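If you want the building blocks of each chain, they are given just below.
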Amino acid sequence: MKRTATLTRKTKETDITVTLDLDGTGKTTIDTGIGFFDHMLDGFARHGLFDLNVTVTGDLKVDCHHTIEDTGIVLGQAVRQALGDKAGIKRYGYFILPMDETLALCAVDLSGRPYLRFDAAFTADRLGEMDTEMIREFFYAVSYGAMMNLHLRILDGENNHHKAEALFKSFGKALDMATQEEPRIKEAWTTKGSL
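Residues numbered from 1 in each chain as written. Predicted model: local features only at pLDDT ≥ 70, side-chain atom pairs only at ≥ 80, totals over all residues. Heavy atoms only, no water.

A. View of the sheet that holds strand β5 (residues 92–99). With mixed pairing, the 4 strands of this open sheet are ordered in space as β5-β6-β10-β7. The sheet is open, and its two borders are formed by β5 and β7 (115–119), each paired with just one other strand. Recorded for the sheet is a direction-independent mean angle of 10° between the axes of neighbouring strands. By the bridge criterion, 8 bridges tie β5 to strand β6 (residues 102–109) in an arrangement that is antiparallel. Bridge pairing in β6 places Met99 opposite Thr102. Packing of helix α3 (residues 133–146) onto the sheet brings it into contact with β7 and β10 (149–156), and relative to β7 it is tilted by some 160°. Here helix α4 (residues 160–179) sits on the sheet and contacts β5, β6, β7 and β10; the angle it forms with β5, its principal contact strand, is near 150°. (Pairing = 2+ DSSP bridges. Helix = DSSP H or I, 4+ residues; strand = E, 2+ residues; numbered from the N terminus. Axes fitted to C-alpha atoms, helices over the stretch in contact; angles between N-to-C directions. Contact = heavy atoms within 4.5 Å.)

Written out as structure tokens, the structure is:
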């Protein structure tokens, strides 16, 4: 069974199409109009081994907020749709990722209950054309779109680029682990009967 999804979201602020293959090889085609954000999404997909196509036309004349937040919503929804009923997946994933002086932690539970715990401080207001405050907003949108419990933390680090990149890459690695099939079970991994 193919675990893929293609979603489109069109509002007065953004026009977004996301195609996601959870069982890919890390191939990406990404154009959000924000170079640094494209770089982060590419790192997420390549290190999670997800095939990801993202096309966004956003109101960048205003700022980057709507483009990044709405992309997070659609990506989260694509994850949720691609997983279907979540039968036979590991459900939990985690990764601690080093990137030079930076150390990032990510933990994921595909529980059907959205929650974000984000502990990362940045000393720069922007990275390229991306406001650093939007990193948290992106992950918040993904967690609610996917209905996942998501914890992200910078354990150590100084360089803002490294910190942002380590968060996105660790998220890719943790989500890859959580979405992997567990051959010993066939149903959703929960005492409730469904996730």
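The rest of the description comes next.
B. Summary view of the packing of aromatic side chains. Under the defined criterion, the tally for this structure stands at 9 aromatic pairs. Here Phe139 and Phe168 contribute two aromatic rings whose centre-to-centre distance is 4.8 Å and whose plane-to-plane angle is 50°, an arrangement assigned as tilted. With Phe139 in helix α3 and Phe168 in helix α4, the pair connects residues that are 29 residues apart, well separated along the chain. Take Phe139 and Phe168: they sit in the same class, and that class is buried. An aromatic cluster is built from Phe37, Phe44, Phe50, Phe118, Phe138, Phe139, Phe168 and Phe171, whose rings are joined through pairwise contacts. (Phe/Tyr/Trp six-rings, centres within 6.5 Å; stacked < 30°, edge-to-face > 60°. Buried < 20%, exposed > 50% of the residue type's maximum accessible area, 1.4 Å probe, protein only.)

Any functional reading would require information beyond the geometric quantities listed.
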